[in-house]
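What follows is the residue order along each chain.
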Amino acid sequence: MGDTAGGADCAASQPRLNDPDSLAALFSLYRERLWRMVEFRMDRRLHGRVDPEDVLQEAYLAALQRLPHYRDESSASPLVWLRMIVMQTLTDVHRHHLGAQMRDADREVSLHAWNNAQTTSASLAALLIGRFTSPSQAAARAELVDQAERAIAAMDPLDREVLALRHFEELTNSEVAEVLGIQQKAASIRYIRALKRLKAIMAQLPGFAEE
């Protein structure tokens, strides 16, 4: 999943983000990755109530309006910039549907901000348990998810976010570094440490030590 020369060549061949046509092309290119991000980051209370496609549509319109600002001022890579717009849109969706249940009253999500930590922990736990729980463990799945969520929530926030970005948003190490505003070497070290910590956490859960 790391950065490769092939990946660099691919990035170089991608259209530049400088007009509506290039925005449409890039949004289409990254649509599947952005969709996975929305699905992963969306609060569980909104699953079944909000379609990720609707979030992406709103985000695209927002990106179209803000395109002149990107051309003139932003130094972010196109994917990271589009991801930021999608995150802002998703945050607005959360506030619209959950209202007073959202603690953070600040509308704007900065380039380096992280999504709601509780949602990230819950999504990590649900996906990990869903991937590794055998049918014989299905009855205890809810309890396992709860245990995993609490354990993941106790991790260092930056380590938890690195895991989310690398494994579930499938960003490269350089993209993770840009999203978090840290050096690539620091992002790589964080990822290795976080993965080791996550494996230790999962090994302590019933039924996982043998896997």
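What you are looking at is a predicted structure, and each value in this text was computed from that prediction instead of being measured. (Residues numbered from 1 in each chain as written. Predicted model: local features only at pLDDT ≥ 70, side-chain atom pairs only at ≥ 80, totals over all residues. Heavy atoms only, no water.)

**Student:** Please clarify how the overall build of the protein should be interpreted in this entry.
**Tutor:** Counting secondary structure elements, the protein contains 9 helices and 0 strands. For the protein, the N- to C-terminal ordering of α and β elements is α-α-α-α-α-α-α-α-α. Total accessible area computed for the protein in this model is approximately 11300 Å², and 53% of it derives from carbon and sulfur atoms. (Helix = DSSP H or I, 4+ residues; strand = E, 2+ residues; numbered from the N terminus. Areas by Shrake-Rupley, 256 points an atom, 1.4 Å probe, with all protein chains shown as cover.)

**Student:** Hey, could you run me through unusual backbone geometry in this one?
**Tutor:** Most peptide bonds take the trans configuration, and most residues that are not glycine carry a negative phi. Although it is not a glycine, Glu170 adopts a positive phi angle of roughly 60 degrees. Accessibility expressed as a relative area gives 39% for Glu170, which makes it partly exposed. (Buried < 20%, exposed > 50% of the residue type's maximum accessible area, 1.4 Å probe, protein only.)

**Student:** I tried to follow the nonpolar core on my own but got confused; where do I start?
**Tutor:** In globular proteins that are soluble, nonpolar side chains generally tend to be buried together. Grouped together as the largest cluster of nonpolar side chains are 57 residues, with contacts concentrated most on Leu23, Leu34, Trp81 and Leu82. Every element with two or more residues in this core is listed here: α2 (20–41), α3 (52–73), α4 (78–98), α5 (117–132), α6 (141–153), α7 (157–168), α8 (173–180) and α9 (184–203). Of all the elements, α4 adds the most residues to this core, at 11 residues. Those residues in contact with Leu34 that lie beyond four places of it in its chain are Phe27, Leu56, Leu79, Leu82, Arg83 and Val86. (Core = buried A, V, L, I, M, F, W, Y, C linked by side-chain atoms within 4.5 Å. Contact = heavy atoms within 4.5 Å.)

**Student:** Would you mind showing me how to read the environment of Arg49 here?
**Tutor:** By the secondary structure assignment, Arg49 is in the loop between α2 and α3. On a C-alpha basis, the gap between Arg49 and His97 in space is 9.2 Å, while along the polypeptide they are 48 residues apart. A distance of 3.4 Å separates the side chain of Arg49 from the backbone oxygen of Arg45, its partner in a polar contact. (Polar contact = N/O pair within 3.5 Å; in protein donor to acceptor, adjacent residues only side chain to side chain.)

**Student:** So what exactly am I meant to see when it comes to α2 here?
**Tutor:** Because each turn of an α-helix spans 3.6 residues, side chains separated by three or four positions in sequence point in the same direction. Taking 1.5 Å per residue, 22 residues should reach 32 Å; α2 reaches only 27 Å between its end C-alpha atoms and comes up short. Sitting at the amino-terminal end of α2 is Asp19, which places a side-chain oxygen 3.1 Å from the backbone nitrogen of Asp21. (Expected span 1.5 Å × (residues − 1).)

**Student:** Can you help me understand the pattern of salt bridges in this one?
**Tutor:** When charged atoms on two side chains of opposite charge get close, those side chains can pair. All chains considered together, the criterion is met by 11 salt bridges. The closest approach of N and O atoms between Glu53 and Arg31, which form a salt bridge, is 2.8 Å. Residue Glu53 is found in helix α3, and its partner Arg31 is found in helix α2; the two are separated by 22 residues along the sequence. Taking relative accessible area as the criterion, Glu53 reaches 33% and is therefore assigned partly exposed. (Salt bridge = Lys/Arg side-chain N within 4 Å of Asp/Glu carboxyl O.)

**Student:** I'm lost on the side chain of Arg166 in this one. Help?
**Tutor:** In this fold, Arg166 is placed in helix α7. From its side chain, Arg166 meets the backbone oxygen of Leu171 in a polar contact 3.5 Å long.

**Student:** Looking at this structure, how should I read the packing of aromatic side chains?
**Tutor:** In this description, an aromatic ring pair is defined by two values, namely the gap between the centres and the angle between the planes. Enumeration over the complete set of coordinates arrives at 3 aromatic pairs. For the ring pair Phe27 and Tyr60, a centre distance of 5.2 Å and an interplane angle of 70 degrees mean the geometry is edge-to-face. Here Tyr60 lies in helix α3 and Phe27 lies in helix α2, a separation of 33 residues in the sequence. Both residues of the pair, Phe27 and Tyr60, belong to the buried class. (Phe/Tyr/Trp six-rings, centres within 6.5 Å; stacked < 30°, edge-to-face > 60°.)

**Student:** Looking at this model, I keep getting lost on the packing of α2 against α3. Mind explaining?
**Tutor:** How two helices pack is summed up by the angle between their axes together with the distance between the axes. Where α2 contacts α3, the axes come no closer than 10 Å and their chain directions differ by 145 degrees. Taken as a pair, α2 and α3 cross one another with a handedness that is right-handed. Judged by residue contacts, Pro20, Leu23, Ala24, Phe27, Arg31, Leu34, Trp35, Val38 and Glu39 of α2 engage Pro52, Glu53, Val55, Leu56, Tyr60, Ala63, Leu64 and Leu67 from α3. Considered class by class, the residues forming the contact of α2 with α3 number 14 nonpolar, no polar and 3 charged. (Axes fitted to C-alpha atoms, helices over the stretch in contact; angles between N-to-C directions. Left-handed = near helix turned anticlockwise from the far one by under 90°. Nonpolar A, V, L, I, M, F, W, Y, C, P; charged D, E, K, R; others polar.)

**Student:** How do you make sense of the packing of α2 against α4 when you look at a structure like this?
**Tutor:** Two numbers describe how α2 lies on α4: the axes approach to 10 Å, and their chain directions differ by 45 degrees. Of the possible angle classes, the one that applies to α2 and α4 is oblique. As α2 runs across α4, the sense of the crossing is right-handed. On the side of α2, the interface is formed by Leu23, Leu26, Phe27, Tyr30, Arg33, Leu34, Met37, Val38 and Arg41, while α4 contributes Pro78, Leu79, Trp81, Leu82, Arg83, Val86, Met87, Leu90 and His94. When the residues that make up the contact of α2 with α4 are grouped by side-chain class, the tally is 14 nonpolar, 1 polar and 3 charged. (Parallel < 35°, antiparallel > 145°, perpendicular 65-115°, else oblique.)

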